[in-house]
Amino acid sequence: MSSTELPGIRAAAAAVAPKVSAVRVAEGEKLRSVPLPGLTLTVRARPGATEGLAPALYVHGLGGSSQNWSAMMPMLADVVDGEAVDLPGFGDSPPPDDGNYSVTGHARAVIRLLDAGRRGPVHLFGNSLGGAVATRVAAVRPDLVRTLTLISPALPEIRVQRPAVPTGLLALPGVASLFSRLTRKWTAEQRTRGVMALCYGDPARISEEAFRHAVAEMERRLELPYFWDVMTRSARGIVDAYTLGGQHGLWRQAERVLAPTLLVYGGRDQLVSYRMARRASAAFRDSRLLTLPDAGHVAMMEYPEAVAQAFRELLDECGGS
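Residues numbered from 1 in each chain as written. Predicted model: local features only at pLDDT ≥ 70, side-chain atom pairs only at ≥ 80, totals over all residues. Heavy atoms only, no water.

Peer 1: What is the right way to look at helix α2 (residues 103-117) in this model?
Peer 2: Residues spaced three or four apart along an α-helix face the same direction, because each turn holds 3.6 residues. Counted at 1.5 Å a residue, the expected span for α2 with its 15 residues is 21 Å, and the 21 Å between its end C-alpha atoms agrees. When we look at burial in α2, the residues that qualify are Val-103, Gly-105, His-106, Ala-107, Ala-109, Val-110, Ile-111, Leu-113 and Leu-114. Just downstream of α2 lies Arg-118, where phi reads positive at about 55 degrees. (Helix = DSSP H or I, 4+ residues; strand = E, 2+ residues; numbered from the N terminus. Expected span 1.5 Å × (residues − 1). Buried < 20%, exposed > 50% of the residue type's maximum accessible area, 1.4 Å probe, protein only.)

Here it is, written out as structure tokens:
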């Protein structure tokens, strides 16, 4: 039980929570539930190999979970004390009380988590939607961020990648329920193969074991009564963030980030254009760029060694902490 959890909260939540399969926990990982004002977050911890290491927080993308970081976290356990969060409504975290799945809402959840745990400043990682969330956190709360690592961050594009269009359409009223009806006969395996074909540069790199775990997680998510609502509202949040201008626009906030920043882009990314790497490098004032020509949208899952090594180099540049 979390030290911040009041007696009876877990029991009360369990009484109303849907009965679904258990979330997978890899060897060396620990899950804990963190109750916060208006929401409860599940955190997946990969403790550092030694005490006193600087903390790191990993933030997943749309439709993902903290499990997306399980391949890379062990590779950095000797340099950071790692935690990965399930954003509200994703993974094992229940929906927030206010139903806010905007980029700002997710960023607020991350900030509340860091403030409550007093872990900041952290080495903050974000992928896709999580990259947009991490950018906003670093811009509005620089005191919470030591370094920023963004993997295919969902920052606004004028010419959106064609495969990303369905995600935008998902934000339209009625589309999610229509898609749910049209695909109700699809198996979890079919859905998983579709997601991997979209997100991986080369789906053949996925091991049989990793695929089985992904199918099991897909089956678990489909049991959740709020699955499509969370996907729809979060997709709408990304679309809204793409159209938001002024001081709250994501590109304007990227320019305000003070933390040393590592940008990772994949040459085969079907969701975030490879060409955005140049703009991002110019926007983040203290940035360095890793390009992986054969990677897709989730480089930390496809090429965890390369991403981990690039972060180590960033760490060395920053004095090793």
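Additional details are given in the paragraphs that follow.
Peer 1: Is there a simple way to think about the packing of helix α6 (residues 188-199) against helix α7 (residues 208-222) in this case?
Peer 2: Helix packing for two helices is described by the angle between their axes and how far apart those axes are. One can describe the packing of α6 onto α7 by two numbers: an axis separation of 9 Å at closest approach and a directional angle of 115 degrees. For the element pair α6 / α7, the angle class is roughly perpendicular. Our pair here, α6 against α7, has a crossing hand that is right-handed. Note on element contacts: α7 touches α6 through Phe-211, Ala-214, Val-215, Met-218, Glu-219 and Leu-222, opposite Ala-188, Glu-189, Arg-191, Thr-192, Arg-193, Val-195 and Met-196. Within the contact of α6 with α7, the residues separate by chemical class into eight nonpolar, one polar and four charged. (Axes fitted to C-alpha atoms, helices over the stretch in contact; angles between N-to-C directions. Parallel < 35°, antiparallel > 145°, perpendicular 65-115°, else oblique. Left-handed = near helix turned anticlockwise from the far one by under 90°. Contact = heavy atoms within 4.5 Å. Nonpolar A, V, L, I, M, F, W, Y, C, P; charged D, E, K, R; others polar.)

Peer 1: Can you help me understand the confidence of the model for the protein in this one?
Peer 2: Any region with low pLDDT has predicted coordinates that should not be read closely. On average, residues of the protein score 87 in pLDDT, and 86% of them reach the 70 mark or higher. Between residues 1-16, whose pLDDT stays under 50, and residues either more than four places distant or in other chains, the model counts ten contacts. Within the model, the stretch residues 168-172 combines pLDDT values under 50 with 13 contacts to residues more than four positions away or in other chains. (pLDDT = per-residue confidence, 0-100.)

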